[in-house]
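The lines below spell out each chain.
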Amino acid sequence: MDDKVLEKKLRGLKSPKLPSGFSKQVMTAIYEQKVEKQSGPILVFQRAINYASLGIFGVLCVYGLYEMVLSLSRSGVSEYFGLIFSNFDVFAKHVSLVLGALFKAFPKMIVLEFGLYVFFFIVSVKMYKVLHSLKYIKVYG
Amino acid sequence: MEKEKALTDEQIIALVIDGKVDRFEELVQRYQNKIFRFVYQKVLNSDDAMELTQEVFLKVFNSLKKFDIKRKFSPWIYKIALNETYNFIKKRSRGQLVHVEDEYVENMVKTENELLRDEYDRSEEDEVIRKTINELPEKYQGVIYYFYLEEMSLKEVGEILGIKVGSVKTRLTRGRRMLKEKLLTHGIT
């Protein structure tokens, strides 16, 4: 095949065309993407809260376990669980109030995740208080 | 009143980076057909090429801050288009592409495609030639495509590919020879 024939064939290749308004379609996709990105800080904030509450929960759990072991070694098992159950009604009331408020404020699933952290946080605080009171009773009572 | 001079690609990018996002549309309008034809040559399907062209512009927009304003924009956008196309082809060959299921979008695309097909009557020979170009080694595909199909000058081809004009000429000669041999085996004389 001659070079000129090849050149003619190559230059004569037909291509499909883009529909009119394609640039508008691209710009719409860009703006939509920007809106999605703007919601990014909210997600970061949500994650920060989650990690913070998880961290607090973790620290309190470790501290709680430490106190529990100490208390159990100082008092008996029955005295220890007796104190926890005597405070349980107040504790349950607090949890249901917090979760109820959260469900009203945020109707989506993140509430469950957040609610669980709150729940664990309250449990940890409660455990800390109970254990602390046990220690108090044991030392000063 | 003096007519306002058209801004260069690089000046438009500076404006977009500065927050004037709507100016990006000018770049899209300048390059949309070039990029569409470029990716079409690789994927040989107008639906895929259209989707891919949009992906390329989104990628360009998201990477604008990485672009060195002292360099030329056109080689950069072609490089992005080439990378996106190869990623697309890889995904397609692995069967990983997700198809849009939204009925409205599908119908819209169908209508657009019917219009495209009306305007574009692709001959069998065209298809064979395009496929044969894609069978060439990468370095010859580029020069053949830019020089013949896009009708760029030797200098422009060199700029896009980052090679000297002399190398463009050498590649063109070798690429042409290989292409002719391959076309002969496909029965095109």
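Above: the structure in question.
One numbering rule holds for all chains: residues counted from 1, following each sequence as written. Chains carry letters and ligands carry numbers; both start at the beginning, A for chains and 1 for ligands, and go up in the order they are written. For a predicted model such as this one, the threshold for reporting local features is a pLDDT of at least 70, and the threshold for listing and counting side-chain atom pairs is 80 or more; totals across whole chains, interfaces and linings nevertheless cover every residue.

## Section: the interface of chain A and chain B
Bring the parts together and some accessible area is lost; that lost area is often taken as the interface size. Whether two residues are in contact depends on their C-beta atoms, placed from the backbone: they are in contact if these lie within 7 Å. On the chain B side, the residues contacting the 22 residues of chain A number 32 residues. Labels follow the DSSP assignment, with helices taken as runs of H or I lasting at least four residues and strands as runs of E lasting at least two, numbered in each case from the N terminus. Those elements giving two or more residues to the side of chain A that touches chain B turn out to be helix H1 (3–11) and helix H2 (22–38) of chain A. Among the elements that line the side of chain A that touches chain B, the one with the most residues is H2 of chain A, at eight residues.

## Notes on helix H6 (residues 124–135) of chain B
Expected helix span is given by 1.5 Å per residue-to-residue step, counting one fewer step than there are residues. Its twelve residues give H6 of chain B an end-to-end C-alpha distance of 17 Å, which sits within 8% of 16 Å, the value for a rise of 1.5 Å per residue. All buried positions along H6 of chain B are accounted for by Ile 129, Thr 132 and Ile 133 of chain B. End-on view of H6 of chain B: buried residues confined to an arc of 105°, all on one side of the axis. Exposed residues on H6 of chain B whose side chains face more than 90 degrees from its buried face are Glu 124, Glu 127 and Glu 135 of chain B. Among the structural elements, H1 of chain A together with helix H2 (24–43), helix H7 (138–149) and helix H9 (165–185) of chain B are those in contact with the buried residues of H6 of chain B. Here exposure depends only on C-beta density: within 10 Å of a residue's C-beta, 20 or more other C-beta atoms make it buried, 12 or fewer make it exposed, and intermediate numbers make it partly exposed, the C-beta atoms being placed from the backbone. Relevant arc is that of directions from the helix axis to the C-beta atoms, nothing else.

## As for the packing of H2 of chain B against helix H3 (residues 46–63) of chain B
Residues and elements named next belong to chain B. Orientation is described by lines fitted to C-alpha atoms, with helices fitted over the stretch in contact, and by angles between N-to-C directions that extend from 0 to 180 degrees. Remark: H2 packs on H3, axes separated minimally by 8 Å, with the N-to-C direction vectors making an angle of 135°. Relative to H3, the element H2 is oriented oblique. Read as a crossing pair, H2 and H3 show a hand that is right-handed. Here Phe 24, Val 28, Gln 32, Ile 35, Phe 36, Val 39, Tyr 40 and Val 43 of H2 lie close against H3, whose contacting residues are Ser 46, Asp 48, Ala 49, Met 50, Leu 52, Thr 53, Val 56, Phe 57 and Phe 61. Residue type decides the class: Asp, Glu, Lys and Arg count as charged, Ala, Val, Leu, Ile, Met, Phe, Trp, Tyr, Cys and Pro as nonpolar, and the leftover types, Gly among them, as polar. A breakdown of the residues in the contact of H2 with H3 according to their chemical character gives 13 nonpolar, three polar and one charged. Any angle that falls under 35 degrees is termed roughly parallel, while one over 145 is termed roughly antiparallel, one within 65 to 115 roughly perpendicular, and all others oblique. Should the near helix be turned anticlockwise from the far one by less than a right angle, the crossing is left-handed, and should it be turned clockwise, the crossing is right-handed.

## Some thoughts on the nonpolar core
All names here are of chain B. Ile 35, Phe 36, Val 39, Ala 81, Val 143 and Ile 144 are the most contacted members of the largest nonpolar core, which totals 38 residues. Summarising the domain contributions, this core has at least three residues from each of domain 1 (1–118) and domain 2 (122–189). Those residues in contact with Ala 81, other than ones at most four positions away along the chain, are Ile 35, Phe 38, Val 39 and Val 56. To count as a nonpolar core, a set of buried Ala, Val, Leu, Ile, Met, Phe, Trp, Tyr and Cys residues must be joined through C-beta atoms within 7 Å. Residue ranges labeled as domains rest on an automatic or database domain assignment.

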